[in-house]
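Observations on chain architecture
Chain residues, written in single-letter form:
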Amino acid sequence: MSVPMAPAELYHHGLRLLLEKDIPGWVDLWDEEGVMEFPFAPPGWPERLEGRQSVADYMRHYPDHIDLHGFPDVTIHQTTAPETIVVEMRAVGRLVATDSPFDMTYIAVVTVHDGRITSYRDYWNPLTVQQPGVDFLGGHR
């Protein structure tokens, strides 16, 4: 029986899967009842996804809209709760539809239990999608 990955290790593994455009693999890191929240979601964007299937539906077309090139800045902070980490990061790539640069900053609060993500609060920068012509999920919000 293998030991479940620690939260920071699991998070880094998830970033590698996203760079490989392995969305099913990334979704497999989630607990069946995992919850993803977007506290800074602008109007028209989801604020909460409940369950692995909802996360999968939300992320399914991600590579069709964003071609991720890397995560040049990733800092993971341990918290006093061993299963919870706070992540500061930046993702860069290009928007597929317009071939324009994609550069987003995030802060995420992630909780992992038994090697699966149970809670992911994604404080992504809503100003990015308020620029004219930017809809990086192609209407699949």
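Rules used in this analysis
- Residues numbered from 1 in each chain as written.
- Predicted model: local features only at pLDDT ≥ 70, side-chain atom pairs only at ≥ 80, totals over all residues.
- Heavy atoms only, no water.
- Helix = DSSP H or I, 4+ residues; strand = E, 2+ residues; numbered from the N terminus.
- Polar contact = N/O pair within 3.5 Å; in protein donor to acceptor, adjacent residues only side chain to side chain.
- Contact = heavy atoms within 4.5 Å.
- Pairing = 2+ DSSP bridges.
- Axes fitted to C-alpha atoms, helices over the stretch in contact; angles between N-to-C directions.
- Buried < 20%, exposed > 50% of the residue type's maximum accessible area, 1.4 Å probe, protein only.
- Lys, Arg positive; Asp, Glu negative; His and termini not counted.
- Salt bridge = Lys/Arg side-chain N within 4 Å of Asp/Glu carboxyl O.

Regarding the side chain of Asp67
Mapped onto the elements, Asp67 comes out in strand S3 (residues 66–78). Of the polar contacts made by the side chain of Asp67, one reaches the side chain of His69; its length is 3.3 Å. Beyond its immediate chain neighbours, meaning those up to four positions away, Asp67 contacts Lys21, Gly93, Arg94 and Val96.

Some points on the sheet that holds strand S2 (residues 48–50)
Read across the sheet, six strands follow the order S2-S1-S6-S5-S4-S3 without closing on themselves; strand pairing throughout is mixed. Strands at the two margins of the open sheet, each flanked by one partner only, are S2 and S3. Taken pair by pair, the neighbouring strands of this sheet meet at an average axis angle of 20°, ignoring direction. As paired strands, strand S1 (residues 30–37) and strand S6 (residues 116–122) are joined by four bridges and run parallel to one another. Directly across from Val35, in S6, lies its bridge partner Ser119. Contacting S3, strand S4 (84–95), strand S5 (100–113) and S6, helix H1 (residues 7–19) crosses the sheet at an angle of about 170° to S3.

A word on the side chain of Asp122
The topology assignment puts Asp122 in strand S6. Buried charge without a salt bridge: Asp122, with Arg121 as the nearest opposite-charge side chain at an N-O distance of 10 Å. The residues contacting Asp122, other than those within four sequence positions of it, are Met36, Glu37, Phe38, Pro39, Tyr106 and Ile107.

A closer look at the pattern of salt bridges
With the rule as written, the count across this model stands at nine salt bridges. The closest approach of N and O atoms between Arg52 and Glu32, which form a salt bridge, is 3.2 Å. Placement of Arg52 in helix H3 (residues 52–59) and of Glu32 in strand S1 is noted, with a sequence separation of 20 residues between them. In this structure, the salt-bridge partner of Arg94 is Asp99, at a minimum N-O distance of 3.2 Å. Judged by its relative accessible area of 27%, Arg94 falls in the partly exposed class. Look at the salt bridges and you will find they share partners, linking Lys21, Asp67, Arg94 and Asp99 into a network.

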